[in-house]
Amino acid sequence: MTQKATAWAPANIAFIKFWGKRDEKLRLPMNSSVSFNLSNVFTVTTVEFDKNLVDDEVKLDGKIVDGKEKDRITKYLDKIRNIARVSTRAKVESKNNFPVGTGMASSASGFAALSLAASSALGLRLNKRKLSILARIGSGSACRSIPDGWVEWKEAGTSEGSYAYSMYSQRHWGVCDVVAIVESTKKSVSSTEGHALVESSPFYKCRIGGMRKKLKMIKKAIGEKKFSKFGEILEAEAINMHTVMMTSEPALIYWTPETLRIILKIKEWRERGLEVYFTIDAGPNVHVICLEKDARKIERLLRTIEGVKMVVVNQVARGTHLV
Ligand code: PMV
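The notes below deal with the structure included here. Small disclaimer: the values here were computed from a predicted structure and weren't measured.

Quick word on the overall build of the chain
The secondary structure content of the chain amounts to 9 helices and 14 strands. Since a compact globule built from 323 residues should have a radius of gyration of about 20 Å, the 19 Å found for the chain is in line with a globular shape. Judged by the C-alpha coordinates and their principal axes, the chain covers about 65 × 40 × 40 Å. For the chain, restricting intrachain contacts to residue pairs at least 6 apart in sequence, the fraction spanning at least 24 positions comes to 75%. Surface accessibility of the chain: about 14,900 Å² in total, with carbon and sulfur atoms responsible for 53%. Of the side-chain charges in the chain, 52 are positive and 35 negative, and the distance between the mean point of each set is 4 Å.

Okay, here's the thing in structure tokens:
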């Protein structure tokens, strides 16, 4: 007999970022973060537990996965098997709607989909909070892809206390994330490695010191749908995080000339009256945050910039669910 389930999970974009952990193994963050789910960047994963298998089999985007990558998934499945008290091996098949190498096939959507598919296949009926905790242990920001729409991931000293919840549904406010995907020649340092370097930046203490106030302000701006306030905070926050990255030892420089070119264009558009703001994760792609009414125009404008390979318009999406 086999036990099988398929889950859909979105990637998410954070406006208050997770950068730095207080507990490496449990992936407990130093600070709370705020994000929304992306409608057009997602993963679909099927997990099938089968008593006839002698080992887990993992396929990502059609390719059999081995080595370190597979190890991380097997260890993660072991945690879920432990909860369900079984030892059955599984076949995992995961598909991203994005080609690898664009910096878009994210571990957040990957581990969110895997946590729901694997736990459901084993008959564990976890509530959203428990599922978010399980996803967090796979990859920190994955916990934010579990709840619907606009999400906060709470910082806490214990594993049970640090989960993500939905502040507002995907229908709360028509904001878009228009992602500009740029050329990237070098493979960037993974976020797992990056988190470990935060303490080496002289600016990290200062970043954490200002967090509480910033969180309160952005949650108020989202609640009251004040777009300019929201945009100013999220843009300053992205620059703040990248300052810590750039001043770590060794320095993490994720920006490329294309990244900076887009940043400067955004400033120019804003001066001309188009309300747009940017945020950037651990890579060179630029997430352009705007109101729904301006999304198509911004998509067109971004396509004219040299070095922009692809543009993807995202609405706010619901969270991880079975399909
Ligand atoms: O979840 P991780 O370990 O991939 O870290 C995510 C780090 C950032 O994308 C840079 C910030 C965030 O909050 O998503």
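Side note on the side chain of Asn285
Among the structural elements, Asn285 can be located in the loop between strand S11 (276-279) and strand S12 (286-291). Among the polar contacts made by the side chain of Asn285, one reaches the main-chain carbonyl oxygen of Thr102 at a distance of 2.6 Å. Within the structure, the side chain of Asn285 is placed 3.0 Å from the backbone nitrogen of Val182, a separation counted as a polar contact. If sequence neighbours within four positions are ignored, Asn285 has contacts with Thr102, Gly103, Met104, Val179, Ala180, Ile181, Val182 and Ile280.

A look at the packing of aromatic side chains
The description of an aromatic ring pair rests on the distance of the ring centres and on the angle between the ring planes. Enumeration over the complete set of coordinates arrives at 13 aromatic pairs. Ring geometry for Phe18 and Trp153: centres 4.7 Å apart, planes at 65°, overall edge-to-face. With Phe18 in the loop between strand S1 (2-16) and strand S2 (21-23) and Trp153 in strand S8 (residues 150-153), the pair connects residues that are 135 residues apart, well separated along the chain. In this structure, Phe18 and Trp153 share a single accessibility class: buried. When the ring of Phe227 is compared with that of Tyr277, the centres are 5.7 Å apart and the planes differ by 65°; the resulting orientation is edge-to-face. Of this pair, Phe227 sits in helix H7 (residues 227-246) while Tyr277 sits in strand S11, and the two are 50 residues apart along the sequence. Both residues of the pair, Phe227 and Tyr277, belong to the buried class.

Examining the site of the ligand
The environment of the ligand is formed by 14 residues, the closest being Phe18, Ser141, Arg144, Ser191 and His195. The side chain of Ser141 places a nitrogen or oxygen atom 2.7 Å from an oxygen atom of the ligand. A distance of 3.0 Å separates an oxygen atom of the ligand from a polar atom in the side chain of His195. Protein coverage of the free-state accessible area of the ligand, which is 380 Å², stands at 93%. When grouped by side-chain class, the residues that make up the shell around the ligand number 5 nonpolar, 6 polar and 3 charged.

Things to note about the nonpolar core
As a rule of thumb, nonpolar side chains are buried together in soluble globular proteins. Membership of the largest hydrophobic core comes to 29 residues, with the highest contact counts inside it found for Phe15, Phe36, Trp150, Val175, Ile218, Ile222 and Phe230. Of all the elements in the fold, those that place two or more residues in this core are S1, strand S4 (33-50), strand S10 (175-182), helix H6 (211-224) and H7. Of the residues forming this core, the biggest block, 5 residues, is contributed by H6. Those residues in contact with Phe36, other than ones at most four positions away along the chain, are Ala11, Asn12, Ile13, Phe15, Gly149, Trp150, Val175, Cys176, Asp177 and Val316. Membership of the second largest hydrophobic core comes to 28 residues, among which are Ala9, Ala117, Leu131 and Leu134.

Concerning the environment of Ala9
In this structure, Ala9 sits in strand S1. Owing to a relative accessible area of 0%, Ala9 belongs among the buried residues under this scheme. A C-alpha to C-alpha distance of 29 Å links Ala9 and Gly307, two positions 298 residues apart in sequence. The contact partners of Ala9, leaving out residues within four places of it in the chain, are Phe42, Thr43, Ser109, Ala112, Ala113 and Thr320.

As for the packing of H6 against H7
Put simply, H6 and H7 touch, their axes get as near as 9 Å, and they point 145° apart. Considering only the axes of H6 and H7, their crossing is left-handed. Taking contact as the criterion, the partners of Met211, Lys214, Met217, Ile218, Ala221 and Ile222 in H6 are, on H7, Lys229, Phe230, Ile233, Leu234, Glu237 and Asn240. Looking at the contact of H6 with H7 residue by residue, the classes come out as 8 nonpolar, 1 polar and 3 charged.

Focus on the pairing of strand S13 (residues 308-314)
Each regular strand displays side chains that alternate between the two surfaces of the sheet. Among the 7 residues of S13, 5 are classified as buried, and the element is accordingly described as predominantly covered. Taken together, the 6 bridges between S10 and S13 define a ladder with antiparallel strand orientation. Within the sheet, the bridge partner assigned to Ala180 lies in S13 and is Val311.

Rules of the game
- Residues numbered from 1 in each chain as written.
- Predicted model: local features only at pLDDT ≥ 70, side-chain atom pairs only at ≥ 80, totals over all residues.
- Heavy atoms only, no water.
- Helix = DSSP H or I, 4+ residues; strand = E, 2+ residues; numbered from the N terminus.
- Rg over C-alpha atoms; globule rule 2.2 N^0.38 Å.
- Contact = heavy atoms within 4.5 Å.
- Areas by Shrake-Rupley, 256 points an atom, 1.4 Å probe, with all protein chains shown as cover.
- Lys, Arg positive; Asp, Glu negative; His and termini not counted.
- Charge placed at Lys NZ, Arg CZ, Asp CG, Glu CD.
- Polar contact = N/O pair within 3.5 Å; in protein donor to acceptor, adjacent residues only side chain to side chain.
- Phe/Tyr/Trp six-rings, centres within 6.5 Å; stacked < 30°, edge-to-face > 60°.
- Buried < 20%, exposed > 50% of the residue type's maximum accessible area, 1.4 Å probe, protein only.
- Near = heavy atom within 4 Å.
- Nonpolar A, V, L, I, M, F, W, Y, C, P; charged D, E, K, R; others polar.
- Core = buried A, V, L, I, M, F, W, Y, C linked by side-chain atoms within 4.5 Å.
- Axes fitted to C-alpha atoms, helices over the stretch in contact; angles between N-to-C directions.
- Left-handed = near helix turned anticlockwise from the far one by under 90°.
- Pairing = 2+ DSSP bridges.

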